[in-house]
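Understanding the architecture of this molecule
Each chain is listed here by its residues.
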Amino acid sequence: GKKFADQIGEKVDVACGQYLSSKNGDGDAKVEKATETLGAINGKRKALFIGINYTGQQGELRGCINDVNNIKAFMSSNFKIDEMLTLTDDQTSDPSKLPTRANLLAGFRWLRQGAKSGDSLIMHYSGHGGSVKDEDGDEEDGSDETMIPLDYAQAGHIVDDDVHDVLVRGLPKGVRLTAIMDCCHSGSILDLPHSYNINGDLEIVENNRNMGISKIISTGVRFAFDGNKKKATASLHEGMKLLMAGGNGGNSDAREKTIQTRSTDADVISFSGCKDSQTSADAQIGGQATGAMSYALIKSLKSDTTMNYTDLLKSMRQTLEGEYTQVPMLSAGRKLDLESPFHI
C-alpha cells in the first residue's frame, strides 16, 4: 500500500544519498552524528501563537488564523500550557493583540521573560515570510530570511538576525524553545546553526546533485509500488531541479560564522515549512483554508503522539510530498540528539 511504498522510497533515497556521499572525493554532503541530550521539561509552559491573514492587503492569505486555532487546540489538548498569548489580525478591538512589528517583538520578549531550566517555550507563526540580502555574512545562501508583520509596509520586516537576537540569544541552559514556522523562506528563520536530515544526523553540506539523483531514483521505486502518477511527477520535477542546480548547498565560511555566533546553551528546536529557497503553501484541505505545514504537523502527531523529532520531520515530508513542492526542515541551536519523542 501507500505506507509501504513511502517506506521503501525513503530507504532508497537515504541509501542512494549515503552511497553518493561516499563516492565524492571532495567530501560533499557530509553528515555528523548529533550527541547532545535534550534537557527534561519539568517547569512552566508558555506559548506564543501568531497568525496573520493580512486582510484587505495585497497578498491576503486565508488560512493563517485557522492554523493558529488548530495548533493551539492541539497543543492545549495534549500538553498543559500555563500561559499563552495570541496575536492575530482579527482581534481589531485590542491593538495590543494585533501582529504588528512592535507587538511581535514584544511577544518574543514576553515568551522568554523569566525563563529558567526546565521551562518549555512554544512559538507558532503562520504568515508571510520574505528574503532580503544578507549584510553580515552569516547566511550560506547570501540572504536573510524575514517574518512579515501586519504593518510591514510602514514598519518593515523582522529579519532572522533580529528574531535570533530578541527571542533566542542568551536563553538559559535547560530551557526548551520549540518554534513552528509556517511561512515562505523559513528554513533558517531562527538563524540556528544545525540542520537535520530524516535520519537524525546533522547535515554539514547539502549537495544538490546528490540529492537530485537520490530523489529521482527513489521516485521510480516508490511509483513501482504505489502507481501514484501525480506524486511521482512532482517528486521527479523536484529531483530534476536539484540535479540541474548542481554544486553545494552554500557557503562554508558563512556556516562556520553561524556556528560561532548563533549556537545556544538552551535546547532551541525549529520546525519550518520549507527550505530558505522555497515558498510555503496556503492550502485548502478538508474544506478549510490552512497552511500545508501546520496541517502536516498536526496530522503526523495525531497519527502517533510518541514519534521522535526526526520521524516527525519524515512524516511531515511524506504528507506533503507529491501535493506540494515545499520540504519541511528541522534545525537546532546545538547538536541535539533528536531521537527522543516530540515533547513541549
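Residues numbered from 1 in each chain as written. Predicted model: local features only at pLDDT ≥ 70, side-chain atom pairs only at ≥ 80, totals over all residues. Heavy atoms only, no water.

So, about the nonpolar core. One recurring pattern in soluble globular proteins is that nonpolar side chains are buried together. If you look at the biggest cluster of nonpolar residues, it comprises 36 residues, and the most contacted ones within it are Ile50, Phe108, Met123, Met147 and Leu190. Elements supplying a minimum of two residues to this core: strand S2 (45-51), strand S3 (83-88), helix H3 (101-112), strand S4 (120-126), helix H5 (160-168) and strand S8 (176-182). If we skip the residues at most four places from it in the chain, Met123 touches Leu48, Ile50, Phe108, Leu111, Leu167, Thr178, Ala179, Ile180 and Met181. Ile71, Phe74, Met293 and Tyr309 belong to the second-largest nonpolar core, a separate cluster that totals 35 residues. (Core = buried A, V, L, I, M, F, W, Y, C linked by side-chain atoms within 4.5 Å. Buried < 20%, exposed > 50% of the residue type's maximum accessible area, 1.4 Å probe, protein only. Helix = DSSP H or I, 4+ residues; strand = E, 2+ residues; numbered from the N terminus. Contact = heavy atoms within 4.5 Å.)

Attention now moves to the side chain of Asp151. Relative to the elements of secondary structure, Asp151 occurs in the loop between strand S6 (143-147) and helix H4 (152-155). This buried residue, Asp151, is left without a salt bridge; Arg101 holds the nearest opposite charge, at 6.9 Å. Residue contacts for Asp151: discarding those within four places in its chain leaves Thr100, Arg101 and Gly156. (Lys, Arg positive; Asp, Glu negative; His and termini not counted. Salt bridge = Lys/Arg side-chain N within 4 Å of Asp/Glu carboxyl O.)

Per the counting criterion, the structure on display carries 10 salt bridges. Note that Asp94 is salt-bridged to Lys97, the shortest N-O span being 3.9 Å. As a salt-bridge pair, Asp161 and Arg262 come within 3.3 Å of each other at their nearest N and O atoms. Taken together, the residues span a long stretch of sequence, with Asp161 in helix H5 and Arg262 in helix H8 (residues 252-262) at a distance of 101 residues. Taking the relative accessible area as the measure of exposure, Arg262 reaches 6% and is therefore buried. A single network of salt bridges, built from pairs that share partners, joins Glu36, Asp267 and Arg334.

Applying the stated rule across the entire model yields 0 disulfides. Summary of cysteine pairing: Cys64 is not part of a disulfide, and the nearest cysteine sulfur, belonging to Cys183, is at 9.2 Å. On the accessibility criterion, Cys183 (1% relative accessible area) is buried. (Disulfide = S-S within 2.5 Å.)

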